[in-house]
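# Report on the structure
Chain residues, written in single-letter form:
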Amino acid sequence: MLNAEKRKTLLLLIPVILVLIGFVLYPSIETLLESFKKNGVFSLENYSDFFGEKSAANFEALWNSVYISLLSVLLSALIGIPLAYIFNRYDFPGRQFFSNIAIMPIVLPSLVGVMAFMYLYGEAGLVPNAIKDVLNLSEVPFSIGGITGILIVHAYTMYPYFYMTTSSALNNIDPSLEEAAYNLGSNKFKVFWKVTFPLLTPGLVAASLLVFMVSMASFSAPFLLAGGFRVLSLQIYFSKINGDLEMAATQSVILSVVSISFLLFMRWYQDRKDYRMASKGIGAHRSEVSNPVLKWCMVTLGILAMIVLLLPHATLLILSLVPEGAWTWQTYPTAFSLENFILLFEDPNIWDPVRNSMVMSLLACLGVFVFGIITSYALVKRKFIGKNLLDILVMIPWALPATVVGMNLILAFNEPSAFSFGKILVGTFWILPLAYFVRFIPLVVRSTTAVLEQMDDSIEEAAQNLGAKWFYTFRRVVIPIIMPGVLSGTLLAFVQAVGEFPTSVLLYTLDNRPISIEIMNQLRMFNIGQASAYGMIQVGLIAIVMFISYKFLGVKTENTL
């Protein structure tokens with residue numbers, strides 16, 4: 001007979017294990033098995049095609065994905081780390097304002113950000129044409145596109161990962177460690193390289209992982225800017241729309257292996273040394289910039305950086321005010337109105353994608369909210385065999401690129417199964433909320449686990465010693481304590497789901513198309529104003545959620561990344 005504690009643990013684990021097996025492990029296994037099929041027969045031909053001369057495009061796409069991701073990590077680090085160091089170690093006029101502006105790229109969903117860059121810096125972009133007219137040039141002096149365009153967009157949208165993790169790490173470093181090094185005769189560079197930088201390593205590893213994973217999964221920038229340049233996430237999409245699911249499965253497996261290998265390498269690199277401090281940090285110490293020339297140079301650079309960072313947002317707003325058909329052959333838009341926003345609320349067909357995104361994101365977030373609480377509690381507060389395996393299963397969707405998650409679900413649920421209650425889910429409304437749920441499980445589990453690990457077991461034990469039943473204690477004691485962590489992860493999942501594009505483009509139908517898909521449809525019809533209006537709706541929803549998260553929950557964005 002099982003004792004009471006083991007029964008509780010089992011009751012907690014059963015739904016968690018069923019969900020993870022049914023929607024994470026089973027789809028991944030289906031994709032792996034599909035990659036070993038050729039015309040329904042077991043074969044290694046897909047892999048020989050992938051790496052052989054017959055399909056050199058796939059190997060080229062793999063190499064392009066890897067080196068673009070590595071360059072994206074490097075460029076993002078070169079921008080994010082110095083910015084974090086300057087804003088957290090030096091005090092000058094406007095520092096706090098500039099530091100808040102520095103995270104603005106994070107409110108731009110990937111597709112919206114790429115669209116803004118296209119109309120800002122592309123061949124028909126506002127900035128190149130303005131320079132051309134001012135200098136009376138015969139052609140635009142520059143335009144972004146191809147590899148350069150992808151890297152610029154990646155650096156802009158991904159450097160906040162380095163900025164935020166580095167800022168958080170700098171604030172946790174005990175200043176006395178650096179002061180001791182200065183007192184022993186070290187110069188500023190040596191103190192940074194020998195003391196500060198090693199203590200930043202865990203944060204830098206986390207940021208590198210995020211940027212590499214996001215870049216490997218990047219779909220919007222290559223889709224709109226690459227031209228003939230191939231990356232593996234696009235190859236998966238092309239294989240899928242051409243009906244070659246076996247090759248799409250093979251490409252998904254290869255992309256997964258590369259992403260997980262980088263994850264394991266960075267974890268190994270981080271675990272080589274111990275980065276714990278013997279003393280407790282007391283917050284970052286900022287040095288006042290006393291040199292007036294240097295001070296105002298920093299202020300000027302801050303203003304210029306602010307303009308560059310906010311230009312995509314401003315461009316999106318301006319374009320959203322351009323009525324349909326009002327900007328065709330003209331170099332710049334000349335007519336402005338609120339027509340696109342009015343249509344959003346008057347025409348049900350135009351409002352449908354907004355409603356779909358909100359409904360599907362809310363459904364997915366309700367699921368990860370409940371699942372995150374149960375899973376985190378089981379992982380932190382319960383003892384059972386296979387805990388590490390369960391933890392790995394939870395984190396698999398975080399390690400897999402979005403296009404791979406989409407392909408996994410297509411191959412698992414394009415026929416009836418026990419996990420879909422005998423129904424085919426592909427082509428139905430429910431496949432996208434399920435995809436969002438699977439993709440964002442790790443966000444909620446991670447943020448909730450962090451809070452649970454800080455909760456003393458004696459709090460729960462005290463309630464039970466006073467006669468409270470376990471469920472009553474869990475509901476009235478545990479959940480209120482961990483709620484900020486649960487909500488911060490859930491709100492971040494909502495933000496990600498509202499702007500989600502790579503998984504959506506593989507799984508959507510006409511009836512459940514989200515905002516990101518409708519933006520793409522409007523761009524194809526050259527209706528830039530309506531596409532931008534949809535983009536502003538996405539940015540507005542994300543900004544509201546982030547404001548609520550910070551203002552009412554006291555959760556900063558970097559704490560959930």
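Now for a quick tour of the structure.

Procedures and definitions
Counting starts from 1 at the beginning of each chain's written sequence and moves along it residue by residue. Local features in this predicted model are restricted to residues whose pLDDT is 70 or higher, and side-chain atom pairs enter the listing and the counts only when it is 80 or higher, whereas totals over whole chains, interfaces and linings include all residues. Working from all heavy atoms in the structure, the side-chain values ignore hydrogens and water. Each helix corresponds to a stretch of at least 4 residues labelled H or I by DSSP, and each strand to a stretch of at least 2 residues labelled E; elements are numbered beginning at the N terminus. We call a residue buried when its accessible area falls under 20% of the maximum for its residue type, exposed when it is over 50%, and partly exposed in between, using a 1.4 Å probe and counting protein chains only. Residue contacts follow a heavy-atom distance rule, with two residues in contact if any of their heavy atoms lie within 4.5 Å. For the accessible areas, the method is Shrake-Rupley and the probe is 1.4 Å, while residue cover comes only from the protein chains on display. Multiplying 1.5 Å by the residue count of a helix minus one yields the expected span of that helix. By the criterion applied in these results, polar contacts are pairs of N or O atoms within 3.5 Å in which, for protein atoms, one can donate a hydrogen and the other can accept it, and in which residues neighboring in sequence qualify only through two side-chain atoms. Working convention: axes come from line fits to C-alpha atoms, limited for helices to the stretch in contact. Angles between N-to-C directions cover 0 to 180 degrees. Relative orientations are named as follows: roughly parallel for angles under 35 degrees, roughly antiparallel for angles over 145 degrees, roughly perpendicular for angles from 65 to 115 degrees, and oblique for any other angle. Think of it as three bins: nonpolar holds Ala, Val, Leu, Ile, Met, Phe, Trp, Tyr, Cys and Pro, charged holds Asp, Glu, Lys and Arg, and polar takes everything else, Gly as well. Aromatic pairs are defined between Phe, Tyr and Trp rings, using the six-membered ring for Trp, whenever the two ring centres lie within 6.5 Å; interplanar angles under 30 degrees are classed as stacked, those over 60 as edge-to-face, and all others as tilted.

## Considerations on the overall build of the protein
- Assigned secondary structure in the protein consists of 23 helices and four strands.
- Within the protein, the fraction of its 561 residues that count as buried is 53%.
- Counted over contacts in the protein with a minimum sequence separation of 6, partners at least 24 positions apart contribute 76%.
- Summed over its atoms, the accessible surface of the protein is roughly 26400 Å², and 65% of this surface lies on carbon and sulfur atoms.

## Considerations on helix 15 (residues 348-381)
- Between its terminal C-alpha atoms helix 15 stretches 48 Å, which fits the 50 Å expected from 34 residues at 1.5 Å a residue.
- Two or three places before N349, at the opening of helix 15, D347 has a side-chain oxygen 2.9 Å from that residue's backbone nitrogen.

## Observations concerning the packing of helix 5 (residues 110-121) against helix 13 (residues 292-320)
- Packing of helix 5 against helix 13 brings their axes to within 9 Å, and their N-to-C directions diverge by 85 degrees. The orientation of helix 5 with respect to helix 13, classified from their angle, is roughly perpendicular. Each of V112, M115, A116, F117, Y119, L120 and Y121 in helix 5 lies in contact with helix 13, whose residues at this interface are L311, P312, T315, L316 and L319.
- Class assignment for the residues of the contact of helix 5 with helix 13 results in eleven nonpolar, one polar and no charged.

## Some points on the packing of aromatic side chains
- Tallying each qualifying case throughout the model produces 18 aromatic pairs.
- Consider the rings of Y26 and F419, whose centres lie 5.3 Å apart with planes at 40 degrees: the pair is tilted. In this pair, Y26 is assigned in helix 1 (residues 4-35) and F419 in the loop between helix 17 (402-413) and helix 18 (431-452), connecting sequence segments 393 residues apart.
- Site record: aromatic cluster; members linked through ring pairs are F219, F223, Y237, F238 and F501.

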